[in-house]
Amino acid sequence: MSTPPPPMPQSAAPEWQAAPGHPYPGYTSPIPVVRTHLGHALASEWTKIKSVRSTIWTLGVFVLLVVGIGLLTGLIVSNSDPDLGGESPLSLGFFGLLLGGMCIITLGVLTTASEYGTGMIRTTMVACPSRGRVLLAKALVFFLLAFVVTLVCATLIGFLHVSLLEEYNAKDPSGGEWLKGTVGVSLYVALLGTLSLAIGSIIRHSAGAITIMIGAVLAPLVIALFMFSSSLRDVQQALFEYSIPNQMSIFYANSLSESGPSGWDPLWIMLVLTGAAIGGAFALLESRDV
Amino acid sequence: MIEAVGLTKRYGDKTAVYNLSFQVRPGAVTGFLGPNGSGKSTTMRMILGLDNPSAGRVTIGGYPYRKLPNAPRQVGALLDAKAVHGGRSARNHLLSLAQLSGIPARRVDEVLGVVGLHDVARRRSKGFSLGMGQRLGIAAALLGDPQVLLFDEPVNGLDPEGILWVRNLMKSLAAEGRTVFVSSHLMSEMALTADHLIVIGRGQLMADMSVKDFISANSADFARVRTPDTEPQQREKLSAAITEAGGHVLPEQDGALRVTGLPLPRISDIAHDGDVRLWELSPHQASLEEAYMRMTQGAVDYRSTIDQKEGLQQQLPPGAQPPMPVPGQGQPGWYAPPPPQQGGQPFAPPQSPPGQAPAGPYGASGVPGAAPGAPAANPYAQPAPQAPQTPAPAAPPAAAPPAAAPSAPAADLTKPEDAR
């Protein structure tokens, strides 16, 4: 590398500063300037999320998986003429939601990471230099969308299972069970998606972030399955109990173990995790170059 | 009004922009020039708050971009035509940006009409051509009807009609009193569009002056003098006389002389006094492109070399001459204005023996560092010369690229005589 030519002295440049008249004539737009706030960002993110096909695809597949698998398990169980012995029929909805969760994860990651993949993020950040506001709007819009879609599907499949299995000695779910099996699990899935959104914003790469999230969902369970050594018993137990599928099943009151999280605990765990990830994404977004 | 003060950006140990200070005033189109990798885009990104400067600051209307209230209503930018989500329609893309800054939705249809995309507004932008993408980017920049506009390579991929449109758009935006800051590689385009130029090389400011001053200061306007080919001694005689009178003489390949530092009538007088007949005495004025190349030749990071195909070519039969390279292939070690007749031999054809690049990747940089600035401390800082035949001291001095000196004699034959 050679030395670049000498930069020019500053004194020689701004001769035009002596221009007569108004110092900076400027231009004033006739369109009124409004003060922007989170509401604007929410409207913008809603336009964005509904105007790409990946949203339609992932949510479409999600509905298909949850309703389809729910319907299938319901039919299989009812056809085998079982005696459910007072078991809650809502728990059959778990399988569809576990698979459907992958779609929510994908959509969550794509909401943020696809902007990095396409370069759209630069346009967005120029249009709204308050980066935290953009992230918050994305998280809110996505969370609400994911929650509403999951809630509708979970409720639908819940009613379906209850009506299908009434005659087979199934338990009539209480109000609390209904709440956990619909609102509770929907909040959990939507939070899982929001966690993915934060990871997408941190990793800034769609495929990478989706891989990480799917690994986080499945790896603990798979690893625990192969822990045969008795000295690892405690670790295996913890991995089972705190794996995301097991936490999800707790909303239906059937867990892999008797100890570990119970009741609404999984929701609080996921809330803390998601909050931390959003916080990290927020801090990185503010400090990193876009 | 954009103002940068001591702007510096480092990526690891690489300094992309160093101590850049300039102002972009309203009411004019300011061109932003520099070779690839000179830091233009980095500077633009720092202006827009996308990258945080390592040192210094840049403000728009007195505020850093990220502190501007409702920034898109004050600054519009076209950074990268491909910075859109391809799956979204043009209209939805603009609508989401409009909503973000509280711009009424009907404005979206307005700007779509302005850039001529209303017919494809509902098509996904993935299928857009480069020119259409560029128009979409310009629409996004115009969306907020801002008083400051930044365009990074706006005419990339546009058809001639589009180029003309962009040119007029820039001018009309500036005429409305807006600040227009445009980067481009197309010198002919800049010469037509820009009023003012900011030139950077290797991340440092090289010039900040009006287009007219820039051309005058950085081009060696010269006179071509041709004496009868049949009498070489006349040529020597005239060279000596001109040098004595204070002019610079640079022989050209075809035997003509390139004279700088003397007005045309004076050259004629000298020839007359010396009893030398002239076959040609013609003025030659440089273009913006020449002026730009001359200034930035030392700051070019990416320089092409001749495609050697070494080891891939068949052995020439003994005695056969290797084919002459087509002039213009690879880049010359240093830039000199070509002769006016375009069909003629280039001044310094980029020939070199096989196995040796013309002057190495940075071979030229040693010279141009000295070339434009050798006689005076800084030619750019000096007032522009008034007489077209009195060139700035930026005339190419009789110096050869040092990298060429140890090369084989065969290479030297292709150099100008004074370069040996």
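All of these numbers come straight from a predicted model, not from anything done at the bench.

(A) Expanded view of the packing of helix H3 (residues 94–118) of chain A against helix H4 (residues 120–127) of chain A. Residue and element names in this part refer to chain A. Viewed as axis vectors pointing N to C, H3 and H4 meet at an angle of 105°, and their least axial separation amounts to 5 Å. The orientation of H3 with respect to H4, classified from their angle, is roughly perpendicular. Residues Glu 115, Tyr 116 and Thr 118 of H3 lie in contact with H4, whose contacting residues are Met 120, Ile 121 and Thr 124. Split into classes, the residues belonging to the contact of H3 with H4 amount to 3 nonpolar, 2 polar and 1 charged.

(B) The arrangement of the nonpolar core in detail. Ranked by internal contacts, the top residues of the largest apolar core, which has 147 residues, are Tyr188(A), Leu94(B) and Ala139(B). Not counting residues within four places of it along the chain, the set of residues in contact with Leu94(B) comprises Val108(B), Val111(B), Leu112(B), Ala139(B), Ala140(B) and Leu143(B). Residues Ala223(B), Ile242(B), Leu250(B) and Ala256(B) belong to the second largest nonpolar core, which totals 14 residues.

(C) Just the UniProt feature "transmembrane region" (unreviewed entry) in chain A, in detail. All names here are of chain A. Taking the numbering used here, the UniProt-annotated feature "transmembrane region" (unreviewed entry) corresponds to residues 56–78, 90–113, 134–162, 182–203, 210–229 and 267–285. The span residues 134–162 carries 100% helix and 0% strand; its end-to-end C-alpha distance comes to 42 Å. As annotated, residues 210–229 has a helix share of 80% and a strand share of 0%, and its two end C-alpha atoms lie 31 Å apart.

(D) Just the confidence of the model for chain B, in detail. All names here are of chain B. Per-residue confidence for chain B averages 78 on the pLDDT scale, and 75% of its residues sit at or above 70. Between residues 330–334, whose pLDDT stays under 50, and residues either more than four places distant or in other chains, the model counts 23 contacts. Predicted confidence for residues 337–420 stays below pLDDT 50, and this span has 171 contacts to residues more than four positions away or in other chains. Both confidence scores are given for the complex: pTM 0.76, ipTM 0.86.

(E) Seen up close, the pairing of strand E6 (residues 148–152) of chain B. Residue and element names in this part refer to chain B. The element E6 is extensively covered by neighbouring structure, given that 5 of its 5 residues are classed as buried. As defined by bridge partners, strand E5 (residues 75–78) adjoins E6 across 4 bridges and the pair is classed as parallel. Within the sheet, the bridge partner assigned to Gly 76 lies in E6 and is Leu 149. Judged from the 5 bridges that link them, E6 and strand E7 (residues 179–183) form a sheet pairing that is parallel. Within the sheet, the bridge partner assigned to Leu 150 lies in E7 and is Phe 181.

(F) Molecular detail of the environment of Gly184(A). All names here are of chain A. For Gly 184, the position within the fold is in helix H6 (residues 175–203). You can call Gly 184 buried: it has 22 C-beta atoms within 10 Å. Along the sequence, Gly 184 and Gly 263 sit 79 residues apart, while their C-alpha atoms lie 9.9 Å from each other. Residue contacts for Gly 184: discarding those within four places in its chain leaves Leu 179, Phe 251, Trp 264 and Leu 267.

Basis of the calculations
Residues numbered from 1 in each chain as written. Chains lettered and ligands numbered in written order. Predicted model: local features only at pLDDT ≥ 70, side-chain atom pairs only at ≥ 80, totals over all residues. Axes fitted to C-alpha atoms, helices over the stretch in contact; angles between N-to-C directions. Helix = DSSP H or I, 4+ residues; strand = E, 2+ residues; numbered from the N terminus. Parallel < 35°, antiparallel > 145°, perpendicular 65-115°, else oblique. Contact = placed C-beta atoms within 7 Å. Nonpolar A, V, L, I, M, F, W, Y, C, P; charged D, E, K, R; others polar. Core = buried A, V, L, I, M, F, W, Y, C linked by C-beta atoms within 7 Å. Buried ≥ 20, exposed ≤ 12 C-beta atoms within 10 Å, placed from the backbone. UniProt positions renumbered as here; feature names shortened; annotations may be inferred. pLDDT = per-residue confidence, 0-100. Pairing = 2+ DSSP bridges.

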